[in-house]
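Okay, here's what each chain looks like letter by letter:
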Amino acid sequence: MDHPIRQIVILGGGSAGWLTAAVLAAEHQAALDTGLRITLIESPEVATVGVGEGTWPTMRDTLRRTGVSETDFVRECDAAFKQGSKFVRWREEVDGDYYHHPFVLPPGFLETHLATGWMAHRDVPFSMLTCFQAHLCEAGKSPKQFATPEWASVANYAYHLDAAKLGVFLRRHCVEKLGVRHVADHMVEVETHENGDIAALRTREHGAIEGDLFVDCSGMRALLIGQHYGVEIESQKDVLFNDRAIATRVPYADPSVEIACQTISTAQEAGWIWDIGLQSRRGIGHVYSSTHTTDEAAEAALRRYIVATGGREQDIESLPRITIRPGFRRGAWHRNCVAIGLSSGFMEPLEASSLVMVELAAGMLADQMPATRAAVDIVARRYNDTFSYRWDRIVDFLKLHYVLSKRDDSEYWRDNRRPETIPERLQDLLAFWRHQPPSRYDLNRVEEVFPAASYQFILYGMGFTPEPRSTTRRMDDVRRSEEYFRQSADIARKMLPALPGHREMLDHVMSRGMPRI
Ligand code: AMP
């Protein structure tokens, strides 16, 4: 039973389905007779979830790899630039409590322990002291100049985008340029070979669509990996409590108001509110724990937030409820079927981990595409090991945002600190990090989802205090970190007047485009 892999069938056309199709089709030359044949089946009867609006800087490489133009992407997906996240009131429930998680590695990050030097400046947030990008975010500056070419940056960046528009944009590129066959039809039955492999997906009007390898991008329904194969979700609800979300779109009250260049995430009594600035509107939602609050209270908190941040009560669109089952499938690749996107797992929208996992999955599948059926099982084992590791790290990293909070205004925050809700590995690391900042030794795989710098921004943003050792160490020499703090302030001072405002930059992209190289 060793036949070549020639036909890939992707079930589902949300962000996961079309991103995967685009990455695979570009790499495996689906437009040529000699390339892989790629078919995407998308039911016209089932709507996509379409609220994933935040990304990680990897999205730039992922999109570039598919051959699209960045100007077209920004224009057609209502996209804006994102330079990180700002966390408000996560530490304490008081005015003025905030920290940043920017995308730029702070100067001196690899040469010294910046947190040791930060101890003498505790009244300044770690991000503002160590990283110039936090200043660009606060000033609403663009991460690039008018003359910066497509995909290049002055300061590292990702995007905020309209997920529904991204699907349409990638679909057109996939079908018109990359040779992907699009079947708009409803899958009604899975047909299998005797050995249990999937042979074909039967559709209502296009008959059976045969394939050698099937990618399940059918969202939370997980039609192939879950409903057909019964691969279970490992729940993380005991660690990450948020299991419900409401989301809405809010127009800018005034069309000249600056567009935030970072995701603003504001902690609430039983969850947090995201606020994402696109070109034409904001995307705002509240994710919360149904164990700790009611739907009515969560909706009231969201409405209060919108009005307090310049939105108008009468502009708030309907608030559909989304149910989240925090968890993931350890065996996301089973036989000749691999689940990518919500079908493989989902936690909560914190840190935009969902789309990063889609990019990593599509990238690995494209790079390691088995040439024959015999190689499928080898790649599957490797894939499941890699992605189980990544999901575990995402759970640790997301939980890190909660465990150091001093908030005491609800059971939600107290429960989040209970040791039995904190993964053992994270507890160990927190003990270790008292004398040693998070480093590549803690995160030592080739493509970690979140690098050590991200852990430092959260850890010290939340006010974690490093403790001195009984012996000295060159890395803890504060004269060196002082020099890097000066450097960072210097870069910020030079960059601030040299960079256009975020809205100004987006207007420029809309009218003139970005230079291509
Ligand atoms: P999302 O829920 O956003 O992850 O998207 C799920 C995708 O799966 C959508 O493109 C749906 O049209 C697609 N989908 C769900 N059920 C079926 C089905 N029975 N046949 C074909 N496509 C489906």
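Residues numbered from 1 in each chain as written. Predicted model: local features only at pLDDT ≥ 70, side-chain atom pairs only at ≥ 80, totals over all residues. Heavy atoms only, no water.

Under the annotation held in an unreviewed UniProt entry, the protein chain carries the name Tryptophan halogenase and is attributed to Pseudoxanthomonas japonensis.

S.K.: Lay out the overall build of the protein chain in plain terms, naming residues and giving numbers.
M.R.: From N to C terminus, the protein chain includes 16 helices and 21 strands. The principal-axis extents of the C-alpha atoms in the protein chain amount to approximately 70 × 50 × 50 Å. Each of the 517 residues in the protein chain was classed as buried or not, and the buried ones make up 58%. Partitioning the intrachain contacts of the protein chain with sequence separation of at least 6 by distance along the chain shows that 76% fall at a separation of at least 24. (Helix = DSSP H or I, 4+ residues; strand = E, 2+ residues; numbered from the N terminus. Buried < 20%, exposed > 50% of the residue type's maximum accessible area, 1.4 Å probe, protein only. Contact = heavy atoms within 4.5 Å.)

S.K.: Before we move on, can you summarise the pattern of salt bridges with the specific residues and values?
M.R.: Applying the stated criterion across every chain yields a total of 44 salt bridges. The salt bridge partner of Arg321 is Asp295, with a shortest N-O separation of 3.8 Å. Pair noted here: Arg321 is in strand 17 (residues 321–323) and Asp295 is in helix 9 (residues 295–308), with a separation of 26 residues, a long-range link. (Salt bridge = Lys/Arg side-chain N within 4 Å of Asp/Glu carboxyl O.)

S.K.: Talk me through the packing of aromatic side chains; I want residue IDs and the actual numbers.
M.R.: Remark: the centre distance and the inter-plane angle together describe each pair of aromatic rings, the angle taken between the planes. The final tally for this structure, using the stated rule, is 28 aromatic pairs. Note on Phe87 and Tyr99: the rings are 4.9 Å apart at their centroids and 20 degrees apart in plane angle, and the pair reads as stacked. Placement of Phe87 in strand 4 (residues 84–88) and of Tyr99 in strand 5 (residues 98–102) is noted, with a sequence separation of 12 residues between them. Here Phe87 falls in the buried class, since its relative accessible area comes to 1%. What makes Tyr99 buried here is its relative accessible area of 2%. Measuring from ring centre to ring centre gives 5.7 Å for Tyr157 and Tyr159, while their planes differ by 80 degrees; the resulting arrangement is edge-to-face. For Tyr159, a relative accessible area of 0% gives the class buried. Taken together through their ring pairs, the aromatic side chains of Phe87, Trp90, Tyr99, Phe241, Trp272, Trp274, Tyr402, Tyr412 and Trp413 make up a single cluster. (Phe/Tyr/Trp six-rings, centres within 6.5 Å; stacked < 30°, edge-to-face > 60°.)

S.K.: Describe in detail the pairing of strand 2 (residues 37–42), supporting the description with residues and values.
M.R.: Both faces of the sheet carry side chains from a regular strand, because those side chains alternate between them. Extensive coverage of strand 2 is indicated by the burial of five of its six residues. Strand direction decides the pairing type here: strand 1 (residues 7–11) and strand 2, joined by five bridges, are parallel. Paired with Ile8 across the bridge in strand 2 is Ile38. (Pairing = 2+ DSSP bridges.)

S.K.: Describe unusual backbone geometry, with residues and values.
M.R.: What is expected of a backbone is that most residues other than glycine have negative phi and most peptide bonds are trans. Although it is not a glycine, Arg89 adopts a positive phi angle of roughly 60 degrees. When you line up the elements, Arg89 lands in the loop between strand 4 and strand 5. Its identity is not glycine, yet Trp151 carries a phi of approximately 70 degrees, on the positive side. Turning to its location among the elements, Trp151 is positioned in the loop between helix 6 (132–138) and strand 6 (158–160). For Trp151, a relative accessible area of 11% puts it in the buried group.

S.K.: Describe the packing of helix 1 (residues 15–27) against helix 7 (residues 163–176), and please don't skip the residues or the numbers.
M.R.: Two numbers describe how helix 1 lies on helix 7: the axes approach to 9 Å, and their chain directions differ by 30 degrees. In terms of their interaxial angle, helix 1 and helix 7 are classed as roughly parallel. Every pair of crossing elements has a handedness; the one defined by helix 1 and helix 7 is left-handed. Every residue of helix 7 that contacts helix 1 at Ser15, Trp18, Leu19, Ala21 and Ala22 is listed here: Ala163, Leu166, Gly167, Leu170, Arg171, Cys174 and Val175. Tallied by class, residues from the contact of helix 1 with helix 7 come to nine nonpolar, two polar and one charged. (Axes fitted to C-alpha atoms, helices over the stretch in contact; angles between N-to-C directions. Parallel < 35°, antiparallel > 145°, perpendicular 65-115°, else oblique. Left-handed = near helix turned anticlockwise from the far one by under 90°. Nonpolar A, V, L, I, M, F, W, Y, C, P; charged D, E, K, R; others polar.)

S.K.: Talk me through the side chain of Asp216; I want residue IDs and the actual numbers.
M.R.: Note on placement: Asp216 falls in strand 11 (residues 213–216). Among buried Asp, Glu, Lys and Arg side chains, Asp216 stands out as unpaired, with Arg329 the closest opposite charge at 6.8 Å. Polar side-chain contacts of Asp216 include one of 2.6 Å to the side chain of Ser218. If we ignore the near neighbours within four places in the chain, the residues touching Asp216 are Leu11, Ala222, Leu223, Leu224, Ile225, Cys337, Val338, Ala339, Ile340 and Ser343. (Lys, Arg positive; Asp, Glu negative; His and termini not counted. Polar contact = N/O pair within 3.5 Å; in protein donor to acceptor, adjacent residues only side chain to side chain.)

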